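# Overview (structure and organization)
One letter stands for each residue in the lines below.
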Amino acid sequence: MDPLYGDRGRILEYFHSHGILVDPKALDRILKASTGLLVEDLLSESVLSNGYLSESEVISVLRNGSGVTHPRYEVYAPDIRVRSSVDDFRNYFLSRYNKLKKILSLSSSMRGSIPIRAAKRVQGEVKIVGMVSDVSTTMNGHKKVVLEDHEDQITAIMMKDKGTAKELILNDEVIGVVGSISHGKGDPVIFANEIIHPDIPNRFIDDSGREPSYVASLSDIHVGSKTFRKQDFMKMINWIKSTREEAENLKYLILSGDVVDGIGVYPGQEDDLEVLNPLEQYLKLAEYISEVPEDVTVFLMPGNHDIVRLAEPQPVFPEKIRKEFPSNTVLLPNPYNLVLEERNVLVYHGMSLNDMVELIPGMNFDTIGGALEELLKRRHLAPRYGGKTPLIPSSEDFHVIEKVPDIFITGHVHSHALGNYKGVRYVNSSTWQSQTEYQKMMNFSPKPSIMTLFDLHSRSVITKNFES
Ligand SMILES: [Fe+2]
């Protein structure tokens, strides 16, 4: 078996090649099916027509006994080996591992780390870097984490009486472990004394004393929806035009995805739309944006409601949309590290926040800032592969946070959260849409119509509320 790719990668690739997203719990069920499972049976299930494989669907196939006599590897491995996209998956995970290992190697705690295969021959303390392929808790409450690198894998044990057992460890993230190798009857294991995340280095950040230069963050405008807050949005545009207060030094405006409501995003969306044609929705937005003074650069990024493909990284808007916007508009892919006046402004729509809310104990949309910090700590925008975040396994992992951001901007969840993590100012940017029927059902109240302004030359963050 090829570590860093493994069973998990093969199964995901298989479903991906059939255009199906897999719930992580469904994947766990497939992996743990002790009698073997004919994966193709899952594909034949009519329930897969929605492009999503849930845990309950796997349970149902297992219960019906389909394919139980087939050894797992024989079923799907030969089919997959001929597909060229196998390399895409392998290269994707290699890229993720290599980039994050490089970041980890900058940490003094990881100096002297060695490959897992070499570590297994050591007596005593070692340092290793691995990608997490499995996390479980033993009956005694200890945590077991399987780590993989280019050539081997090892189980790391986090004893429950040590702080390490309480650490949040996610599948597919890359971590460093400092611990002691134990040689027992089976394969050696490592008892972890310390878990090291790639994390943000401690930096000294000083105000430059230069004249302010503001970058304004807006997200989830949802033009075309009946619940788009046009009045607030125009109030905000008029404030920019007034050049009063901070607007005088406003240089950049970032719209981080879901700039329009789109169509066909969820069942019955037509009933919630004022403008049915997506192209017309963009034309409306272009009309509003043309009111923004020419010396303000407007950045447009797609999100899950927009017209480009859903899977990330999302490309920039097509030319037919670009040509409708004024010349001070710049298109961005999602995600993107924007460099403005020598500052790194990392912009990401934020689809992975849906997964992070489920993966972090006690997390919810009102405390979403904590999820942004967990992403920064892992130096990755979507640490858990799959789940509710569709990712394209390209040969490079574009979700690794390679450059330390000065400002980190996300949206998507319609909350508003500001914070500072080790000198990185961040925001989960406000929406310009009122509570939707779906949000009402989920008992979630959005925090709309807030513009967040970051000064590129100081630590200052200002919010302007345009809610009427
Ligand atoms: Fe979104």
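Above: the structure in question.
Below you will find a few notes about this structure.

This part takes up the overall build of the protein chain. Of the regular secondary structure elements, the protein chain holds 13 helices and 18 strands. The proportion of buried residues among the 468 residues of the protein chain is 42%. Pairs at least 24 apart in sequence give 70% of the contacts found in the protein chain among residues at least 6 apart.

A separate point is the pairing of strand E10 (residues 297–301). In this structure, strand E9 (residues 250–256) lies alongside E10, joined through five bridges in parallel fashion. Bridge pairing in E10 places Ser256 opposite Met301. The handedness of the E9 to E10 crossover, carried by helix H9 (residues 278–289), is right-handed. Sheet analysis places E10 next to strand E11 (residues 329–331), joined by three bridges and oriented parallel. What sits directly across from Phe299, in E11, is Val330.

Three or more residues of helix H11 (residues 352–359) are buried, namely Ser352, Leu353, Asp355 and Met356. Mapping the buried residues of H11 onto a view down its axis gives an arc of 155 degrees, with all of them on the same face.

Across soluble globular proteins, nonpolar side chains show a tendency to be buried alongside one another. By size, the foremost hydrophobic cluster in this structure holds 94 residues, and its most contacted members are Ala156, Val215, Ala216, Ile221, Ile254 and Leu255. Broken down by element, the residue count for this core peaks at seven residues, all from helix H6 (residues 85–105). Not counting residues up to four positions away in its chain, the partners in contact with Ile221 are Phe228, Phe233, Leu255, Asp258, Val259, Leu285 and Trp432.

Spatial strand order, E12-E13-E14-E16-E15: five strands in an open sheet with mixed pairing. Two strands lie at the open edges of the sheet, namely strand E12 (336–340) and strand E15 (417–421), each paired on one side alone. Each neighbouring strand pair of the sheet contributes to a mean axis angle of 20 degrees, computed without reference to strand direction. Pairing geometry for strand E13 (residues 343–347) and strand E14 (residues 407–410), over three bridges, is parallel. Looking across to E14, one finds that Val345 is bridged to Ile407. Against the sheet, helix H12 (residues 369–378) touches E14, E15 and strand E16 (424–428), its axis set at about 35 degrees to E15.

Consider a sheet: its strands pair through backbone hydrogen bonds, and that pairing is either parallel or antiparallel. In spatial order, the strands read E3-E4-E5-E7-E6; together these five strands close into a barrel with mixed pairing. Pairwise comparison of adjacent strand axes, ignoring direction, gives a mean angle of 55 degrees for this sheet.

Pro313 follows Glu312 through a cis peptide bond whose omega is 0 degrees. By the element assignment, Pro313 lies in the loop between E10 and helix H10 (319–322). In this model, Asn334 is joined to Pro335 through a cis peptide bond whose omega is 0 degrees. Residue placement: Pro335 occurs in the loop between E11 and E12. Here the phi dihedral of Glu245 falls at roughly 45 degrees; this positive angle occurs in a residue that is not glycine. One can find Glu245 in the loop between helix H8 (230–242) and E9.

Another aspect to go through is H12. Among the residues of H12, those classed as buried are Ala371, Leu372, Leu375, Leu376 and Arg378. Those residues of H12 that are buried lie in contact with H11, E14, E15 and E16. A positive phi of about 50 degrees marks Arg379, the residue just after H12.

Attention now goes to the pairing of strand E18 (residues 461–465). For strand E17 (residues 450–455) and E18, the ladder comprises five bridges, and the chain directions are antiparallel. Bridging across to E18, Phe454 finds its partner in Val461. The hairpin turn running from E17 into E18, its antiparallel successor, is five residues long.

Moving on to the environment of Ala247. Here Ala247 lies in the loop between H8 and E9. A count of 20 C-beta atoms within 10 Å places Ala247 in the buried class. In contact with Ala247, other than residues within four places in its own chain, are Trp239, Ile240 and Ser242.

This brings us to the packing of H11 against H12. Between H11 and H12, the shortest axis-to-axis distance is 10 Å and the interhelical angle comes to 100 degrees. Considered as vectors, H11 and H12 are oriented roughly perpendicular to each other. On H12, the residues that touch Leu353, Met356 and Val357 of H11 are Ala371, Glu374 and Leu375. Of the residues contributing to the contact of H11 with H12, the split by class is five nonpolar, no polar and one charged.

In this section: the environment of Glu173. Positionally, Glu173 belongs in the loop between strand E5 (153–158) and strand E6 (174–182). On the neighbour-count criterion, Glu173 (23 C-beta atoms within 10 Å) is buried. Filtering out sequence-adjacent residues up to four positions away, Glu173 remains in contact with Val132, Arg378, His380 and Pro383.

Calculation rules
Residues numbered from 1 in each chain as written. Predicted model: local features only at pLDDT ≥ 70, side-chain atom pairs only at ≥ 80, totals over all residues. Helix = DSSP H or I, 4+ residues; strand = E, 2+ residues; numbered from the N terminus. Buried ≥ 20, exposed ≤ 12 C-beta atoms within 10 Å, placed from the backbone. Contact = placed C-beta atoms within 7 Å. Pairing = 2+ DSSP bridges. Right-handed = clockwise from strand over helix to strand, strands pointing away. Arc of directions from axis to C-beta. Core = buried A, V, L, I, M, F, W, Y, C linked by C-beta atoms within 7 Å. Axes fitted to C-alpha atoms, helices over the stretch in contact; angles between N-to-C directions. Parallel < 35°, antiparallel > 145°, perpendicular 65-115°, else oblique. Nonpolar A, V, L, I, M, F, W, Y, C, P; charged D, E, K, R; others polar.

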